[in-house]
Amino acid sequence: VQLQASGGGLVQAGGSLRLSCQASGRTSSTYAMGWFRQAPGKEREFVAYIRGSGSSTYYADSVKGRFTISRDNAKNTMYLQMNSLKPEDTAVYYCAARTYLGGGYYTDERGYDYWGQGTLVTVSS
């Protein structure tokens, strides 16, 4: 599975961005996908995940109510709609995919076996 993240950019606080993650290859074996982010000088952290056809989603407390994760299986694409952006949302955002069932760790990097290259989101105050 290959993942290509896009949609990052510079936005003012309170604004919106939509990130996309295009999957290619053995996409039929993708059982869950997620977004993580890494701010300068900090460790990579979980943002959101989506499982199966999209019926199950989960968010980090820091983005709950502001971000929405979705998936278009026909286009093999996952999205992250980010609203009410804050300067602390500034980070490189990575998409990830899991190609196996079970095992937990959906909110942890260990739960994913394929990663995209990251897209930079900068939120100015």
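Just so you know, these numbers come straight off a predicted model, no measurement behind them.

(A) Structural view of the sheet that holds strand E8 (residues 77-82). Here we have four strands laid out as an open sheet, ordered E1-E3-E8-E7, and antiparallel in their pairing. A single partner strand is all that each edge strand has here, and the edge strands are strand E1 (2-6) and strand E7 (67-72). Pairwise comparison of adjacent strand axes, ignoring direction, gives a mean angle of 15 degrees for this sheet. Relative to E8, E7 runs antiparallel, the two sharing six bridges. When the bridges of E8 are listed, Asp-72 appears paired with Thr-77.

(B) A look at the state of the cysteines. Tallying each qualifying case throughout the model produces one disulfide. Here Cys-21 is linked by a disulfide to Cys-95, with a sulfur-sulfur distance of 2.2 Å. The chirality of the disulfide connecting Cys-21 with Cys-95 is right-handed, given an S-S dihedral of about 70 degrees. Of the two residues, Cys-21 sits in strand E3 (residues 17-24) while Cys-95 sits in strand E9 (residues 91-98), which places them 74 residues apart along the sequence. Residue classification places Cys-95 among the buried residues on the basis of a relative accessible area of 0%.

Reading the values: the criteria
Residues numbered from 1 in each chain as written. Predicted model: local features only at pLDDT ≥ 70, side-chain atom pairs only at ≥ 80, totals over all residues. Heavy atoms only, no water. Pairing = 2+ DSSP bridges. Helix = DSSP H or I, 4+ residues; strand = E, 2+ residues; numbered from the N terminus. Axes fitted to C-alpha atoms, helices over the stretch in contact; angles between N-to-C directions. Disulfide = S-S within 2.5 Å. Buried < 20%, exposed > 50% of the residue type's maximum accessible area, 1.4 Å probe, protein only.

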